[in-house]
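Residue-level listing of the chains:
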Amino acid sequence: MAKITYIEWNGTRHEVEVRPGMTVMEGARDNGIAGIDADCGGACACSTCHVYVDPAWVDQLPPRDPMEEDMLDFAWKPDPARSRLTCQIKVTPALDGLVVQMPERQI
């Protein structure tokens, strides 16, 4: 299991364990964490699972693929360095300790 910390816009922290093989989005959904809507269910067809990755973790994640880059254009205030779609981040043991923050809103 990998421990992931999700931080809501208001600062509320949720530290949960997520099984390797799941996505960061599924970890939020399955644990009832507010702020990740995931309207497309993880198909990378929207931007409603957008988060800002903690700066310490940005370089430890796999790079964005072109489809994720395109979808991030529709996200609320994307950050060129820190924005990711959680449906595109597969959980591995190496992500134990990952911290992500939700934007003010999802669009």
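A brief report on the enclosed structure follows. Keep in mind the model is a prediction, meaning the values are calculated, not measured. (Residues numbered from 1 in each chain as written. Predicted model: local features only at pLDDT ≥ 70, side-chain atom pairs only at ≥ 80, totals over all residues. Heavy atoms only, no water.)

Under the counting rule described, the total for this entry stands at four salt bridges. Taking the shortest distance from any N to any O, the salt bridge between E69 and R64 comes out at 3.3 Å. In this structure E69 comes out as partly exposed when scored by relative accessible area, which is 36%. (Salt bridge = Lys/Arg side-chain N within 4 Å of Asp/Glu carboxyl O. Buried < 20%, exposed > 50% of the residue type's maximum accessible area, 1.4 Å probe, protein only.)

If you trace the five strands from one edge of the open sheet to the other, you get β2-β1-β5-β3-β4, paired in mixed fashion. Edge strands, defined here as strands with exactly one partner in the open sheet, are β2 (13-18) and β4 (83-85). Averaged over all pairs of adjacent strands, the angle between strand axes in this sheet comes to 35 degrees, irrespective of strand direction. Both strand β1 (residues 2-7) and strand β5 (residues 99-101) contribute to a ladder of three bridges, which runs parallel. Residue pairing in the sheet places T5 in a bridge with V99 of β5. (Pairing = 2+ DSSP bridges. Helix = DSSP H or I, 4+ residues; strand = E, 2+ residues; numbered from the N terminus. Axes fitted to C-alpha atoms, helices over the stretch in contact; angles between N-to-C directions.)

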